Amino acid sequence: MTLRSPESAARGPARRFPTRRRSARGALAAVLVAAAGAVALAQPAFMRNMYTGPVVLPQVDPRVPVEDTIAVDGDRQRDRLESRDLPNPVPDTPAVLAEGKWMYDVYCAMCHGPEGLGDGQIAGHYPRMPSLAARHVQNNYTDGWIFSIIGDGGFRMPPFAHSMSADERWALVRYVKTFTTPE
Ligand code: HEC
C-alpha cells in the first residue's frame, strides 16, 4: 500500500504512470519510428522490395536486348534480299485473309488507304504514299519481299516486326496480295 500525503490525496487517485516514465516511453517510441523510417529510406540490399527490384515498371520501356543478340525463340534477322524467296508459311484461307485484313485495318490503312490505294487519312503528310494495288507490288513483289518491308519498314514507313507476330505478318501479306486497282 502506498503512503499518500493529504495533499496528494486531495489531488485525487494516484496516476498509474508517473509523468517521467511516460515521457521516457514517448522518446523511445520516437527513436523507434525514426529508425524504421531511416531503414525504409536507405533500402539496404537485404530489404529490397518489388519497387526497387530489377522489374520493368509501368510506363517504362522494356529493356532492349544486348546488341547483336536475338531471343532464343526470336525470329532470325534477315535482310530484304535474304527474305525475298521465303515461302509464305500460312495458308491462303478465308480465316487467314480475315486475320490479315484485321492487321491491315489496324496498322496500315491510315497510310495506304482502306483499299490499299495509297489514300489513307494521313497519306497527305507524305511526299509519296504508294498504292499497294500497283502492278509492280502485286506482280513483282514476292511474299517474302513484302514480309520484309512490313517487318523492317522503309525510308518513311515505320517497321512493324515488334507490333505483330511473324504469322500475323504473313497473314497480312496474303491480304495485301488481294488488292486490285479499280478499273
Ligand atoms: C506511317 C505511314 C505508313 C504506314 C502505317 C505503313 N506504311 Fe507502307 N509505306 C509507307 C511509305 C511512305 C512507303 C514508301 C517507302 C518509304 O518511304 O518508306 C511505304 C511503302 C510500302 C510498301 C512498298 C511499296 C512500293 O511501291 O514499293 C509496301 C508493300 C507497304 N508499304 C506495305 C505496308 C503495310 C502492309 C503496312 C501495314 C503494316 C504499311 N505499309 C504501313 C508508309 C506507311
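Everything that follows concerns the structure shown earlier in this document.
The present account deals with the structure reproduced in this document. (Residues numbered from 1 in each chain as written. Predicted model: local features only at pLDDT ≥ 70, side-chain atom pairs only at ≥ 80, totals over all residues.)

Topic: the overall build of the chain
Cut-off, in case you're wondering: By the criteria applied, helices consist of DSSP H or I runs no shorter than four residues and strands consist of E runs no shorter than two, each listed in order from the N terminus. Once C-beta atoms are placed from the backbone, each residue is buried if 20 or more other C-beta atoms lie within 10 Å of its own, exposed if 12 or fewer, and partly exposed for counts between those two. A pair of residues counts as a contact when their C-beta atoms, built from backbone coordinates, are within 7 Å of each other.
Looking only at helices and strands, the chain features eight helices and zero strands. Along the chain, helices and strands appear, N-terminal first, in the series α-α-α-α-α-α-α-α. Within the span of the chain, comprising 183 residues, buried residues form 15% of the whole. When contacts within the chain are restricted to residue pairs at least 6 apart in sequence, those whose partners lie at least 24 apart make up 56%.

What about helix α8 (residues 166-176)?
Judged by how many residues are buried, α8 sits mostly within the fold: eight of 11 residues are covered. Contacts made by the buried residues of α8 are with α4 (94-107) and α7 (143-152).

Observations regarding the site of the ligand
Short version of the rule: We count a residue as near a molecule or strand when its backbone-placed C-beta atom lies within 6 Å of that partner. When residues are grouped by polarity, Ala, Val, Leu, Ile, Met, Phe, Trp, Tyr, Cys and Pro land in nonpolar, Asp, Glu, Lys and Arg in charged, and all others, Gly among them, in polar.
Close contacts around the ligand come from 22 residues, with C108, C111, G154, R156 and M157 the closest. When contributions to the shell around the ligand are tallied by element, the ones reaching two or more residues are α5 (109-112), α7 and α8. Its residues assigned to classes, the shell around the ligand shows 19 nonpolar, two polar and one charged.

Focus on the packing of α4 against α8
Here is the rule we go by: Here an axis means a line fitted to C-alpha atoms, over the contact stretch when the element is a helix, while the angle between two N-to-C directions is reported on a 0 to 180 degree scale. Angles below 35 degrees are treated as roughly parallel, those above 145 as roughly antiparallel, those between 65 and 115 as roughly perpendicular, and all remaining angles as oblique.
Interhelical geometry of α4 versus α8 gives an angle of 95° and a closest axis separation of 7 Å. The orientation of α4 relative to α8 falls into the category roughly perpendicular. Here V96, L97, E99, G100, K101, M103 and Y104 of α4 come into contact with α8, specifically with E168, A171, L172, R174 and Y175. Taken together, the residues of the contact of α4 with α8 break down into seven nonpolar, one polar and four charged.

Some remarks on the environment of Q121
With respect to the element layout, Q121 can be found in the loop between α5 and α6 (135-140). Distance in space between the C-alpha atoms of Q121 and M110 is 5.1 Å, their sequence separation being 11 residues.

Overview of α4
Where we set the bar: The span one expects for a helix is its residue count, reduced by one, times 1.5 Å. Throughout, the arc means the angular range of directions from the helix axis out to the C-beta atoms.
Compared with the 20 Å implied by 1.5 Å per residue over 14 residues, the 20 Å span of α4 between its first and last C-alpha is a close match. Within α4, burial applies to V96, E99, G100, M103 and Y104. All buried residues of α4 lie within an arc of 140° about the axis, which places them on one face of the element. Summarising the geometry of α4, the exposed residues directed more than 90 degrees from the buried face are P94, A95, A98, D105 and V106. Contacts made by the buried residues of α4 are with α5 and α8.

Quick look at the nonpolar core
The cut-off we apply is this: A set of buried Ala, Val, Leu, Ile, Met, Phe, Trp, Tyr and Cys residues, joined to one another through C-beta atoms within 7 Å, is what we call a nonpolar core.
Core analysis: the biggest nonpolar cluster contains 17 residues, and I146, A171, L172, V173 and V176 have the highest contact counts within it. When contributions to this core are tallied by element, the ones reaching two or more residues are α4, α7 and α8. The element best represented in this core is α8, accounting for six residues.

Brief notes about unusual backbone geometry
Of note in this structure, D68 is not a glycine but carries a positive phi near 65°. Residue position: D68 is located in the loop between α2 (19-42) and α3 (80-83).

Looking at the packing of α7 against α8
The cut-off we apply is this: Handedness of each helix crossing follows the sense of rotation of the near helix against the far helix: counterclockwise by less than a right angle gives left-handed, clockwise gives right-handed.
Between α7 and α8, whose axes approach to 9 Å, the crossing angle comes to 120°. Relative to α8, the element α7 is oriented oblique. α7 and α8 meet at a crossing whose hand is right-handed. Contacts between α7 and α8 involve D143, I146, F147, I150 and G151 on the former and, on the latter, R169, W170, L172, V173 and V176. Looking at the contact of α7 with α8 residue by residue, the classes come out as seven nonpolar, one polar and two charged.

What to know about the environment of K101
You can see K101 is positioned in helix α4. Assessed through the 17 C-beta atoms surrounding it within 10 Å, K101 is described here as partly exposed. For the pair K101 and Y175, spaced 74 residues apart in the sequence, the C-alpha separation amounts to 6.0 Å.

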